[in-house]
Amino acid sequence: MAAVALRSCRRGLSQIISNVGVSSVLSTRFEGGPRHVQCTSGVRHKSTVQFATRPDLPKLAYRRVKGKSPGVVFLPGYGSNMNGQKAEALEEFCRSLGHAYLRFDYTGHGASEGVFTEGTIGTWKKDVLYVLDELVEGPQIMVGSSIGGWLMLLAAIARPEKTAALVGISTAADHLVTAFNTLPLETRKEFEEKGVWTVPTRHSEDGEYRFNMEFLREAENHRVLQSPIPVTCPIRLLHGLKDEDVPWHVSMQVAERVLSGDVDVILRRHAQHRMAEKDDIKLIVYTIDDLIDKLTTMV
């Protein structure tokens, strides 16, 4: 990642991620950059939950901040929602810059309608495309966490005109399918007979994720790492070397397969899967700010 000189405004962006317990000030105006951070008075404003009604489909819950382009859309991970630390920190950041921002819950997640266990990669891809088509204006910087990183790639392929740039956080492209297919044959047969694949995890209340075979078979239809990925926008891929859920080399595979000539992979030595620590969120914010600067300079 190219070195940049950072300069703080008097109050900086001290409230950008105060809601996640980060006490340090985030100053994100790049020296010599064309943009001006709108320094806040220290009072946080939180967007209100809205619901998008779709014909014959569950309502989607979302929070939106109106502002300049390019806007930022946050795609959460599997079983997560739009109220996580990263999602809330990015809203404060975008609000401080005056840029548009949208975070939402997939079908069956958080405040959205639908049954979580009935969701598929295809279901959630449709959710992302609906957001891009109906809830935002102009090209967006999509920020995808874990499975959200997989979905942002699928959305970028389907809607190149609505994709300004991509930021993957612990990108899990194809990961569930790949992980299952690399299990020993006997183990796979055992899960197939049961109809459910159970995966131990620290991110679930009962200590495991349960994927039915129909979910995995449907996910096969959305794999992106088997051939060149036709995405040409700027791409930044952040991954922790201590990620025990999705190996960091998945981000490397994505970087190798995308057609974009502007791709950076940033590996953090001590970061874990969720990348929700103070310094992780700082890096995410700086990365997005750098992209906004690049995109607005190009215009």
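As a reminder, the structure under discussion sits directly above these lines.
Residues numbered from 1 in each chain as written. Predicted model: local features only at pLDDT ≥ 70, side-chain atom pairs only at ≥ 80, totals over all residues. Heavy atoms only, no water.

Structural notes on a nonpolar patch on the surface
- Together, Leu-241, Trp-248 and Leu-267 make up an exposed nonpolar region whose accessible area comes to about 250 Å².
- Note on placement: Leu-267 falls in strand E12 (residues 263–268). (Patch = residues over 30% accessible without salt bridge, like charges linked within 9 Å, V, L, I, M, F, W, Y side chains within 5 Å. Areas by Shrake-Rupley, 256 points an atom, 1.4 Å probe, with all protein chains shown as cover. Salt bridge = Lys/Arg side-chain N within 4 Å of Asp/Glu carboxyl O. Helix = DSSP H or I, 4+ residues; strand = E, 2+ residues; numbered from the N terminus.)

Things to note about the nonpolar core
- Leu-75, Phe-104, Ile-121, Val-128, Met-142, Leu-151 and Leu-166 are the most contacted members of the largest nonpolar core, which has 52 residues in total.
- In this view, Leu-151 contacts Leu-75, Tyr-106, Ile-121, Trp-124, Lys-125 and Val-128; residues no more than four positions away in its chain are not counted.
- Counting residues in each nonpolar core, the second largest holds 28 residues, with Phe-74, Val-167, Leu-238 and Leu-283 among its members. (Core = buried A, V, L, I, M, F, W, Y, C linked by side-chain atoms within 4.5 Å. Buried < 20%, exposed > 50% of the residue type's maximum accessible area, 1.4 Å probe, protein only. Contact = heavy atoms within 4.5 Å.)

Focus on helix H1 (residues 85–97)
- Taking 1.5 Å as the rise per residue, H1 with 13 residues should run 18 Å; its terminal C-alpha atoms sit 19 Å apart, in good agreement.
- Of all the residues in H1, the buried ones are Lys-86, Ala-87, Glu-88, Ala-89, Leu-90, Glu-91, Glu-92, Phe-93, Cys-94, Ser-96 and Leu-97.
- Packing partners of the buried residues in H1 comprise strand E4 (57–65), strand E5 (68–75), strand E6 (99–104), strand E7 (140–145), strand E8 (163–169) and helix H8 (278–298).
- Positive phi shows up at Gly-98, right after H1, with a value of about 80°. (Expected span 1.5 Å × (residues − 1).)

Section: the packing of H1 against H8
- For the pair H1 and H8, the least separation of the axes is 10 Å and the interaxial angle reads 40°. Between H1 and H8, the angle is such that the two are oblique. When the axes of H1 and H8 are compared, the crossing they make is right-handed. Judged by residue contacts, Gln-85, Lys-86, Ala-89, Leu-90, Phe-93 and Leu-97 of H1 engage Ile-281, Ile-284, Val-285, Ile-288, Asp-289 and Ile-292 from H8. (Axes fitted to C-alpha atoms, helices over the stretch in contact; angles between N-to-C directions. Parallel < 35°, antiparallel > 145°, perpendicular 65-115°, else oblique. Left-handed = near helix turned anticlockwise from the far one by under 90°.)

Overview of the packing of aromatic side chains
- Enumeration according to the criterion identifies 13 aromatic pairs in this entry.
- Residues Trp-124 and Phe-215 carry aromatic rings whose centres are separated by 6.0 Å and whose planes lie at 50° to one another, so their mutual orientation is tilted. In this pair, Trp-124 is assigned in helix H2 (residues 121–135) and Phe-215 in helix H6 (residues 213–220), connecting sequence segments 91 residues apart.
- By relative accessible area, Trp-124 is classed as buried at 1%.
- Residue classification places Phe-215 among the buried positions, given a relative accessible area of 5%.
- Three or more aromatic residues joined by ring pairs make a cluster, and in this case those are Tyr-78, Phe-104, Tyr-106, Phe-116, Trp-124, Phe-180, Trp-197, Tyr-209, Phe-211 and Phe-215. (Phe/Tyr/Trp six-rings, centres within 6.5 Å; stacked < 30°, edge-to-face > 60°.)

Everything listed is a geometric property; what it means functionally is a separate question.
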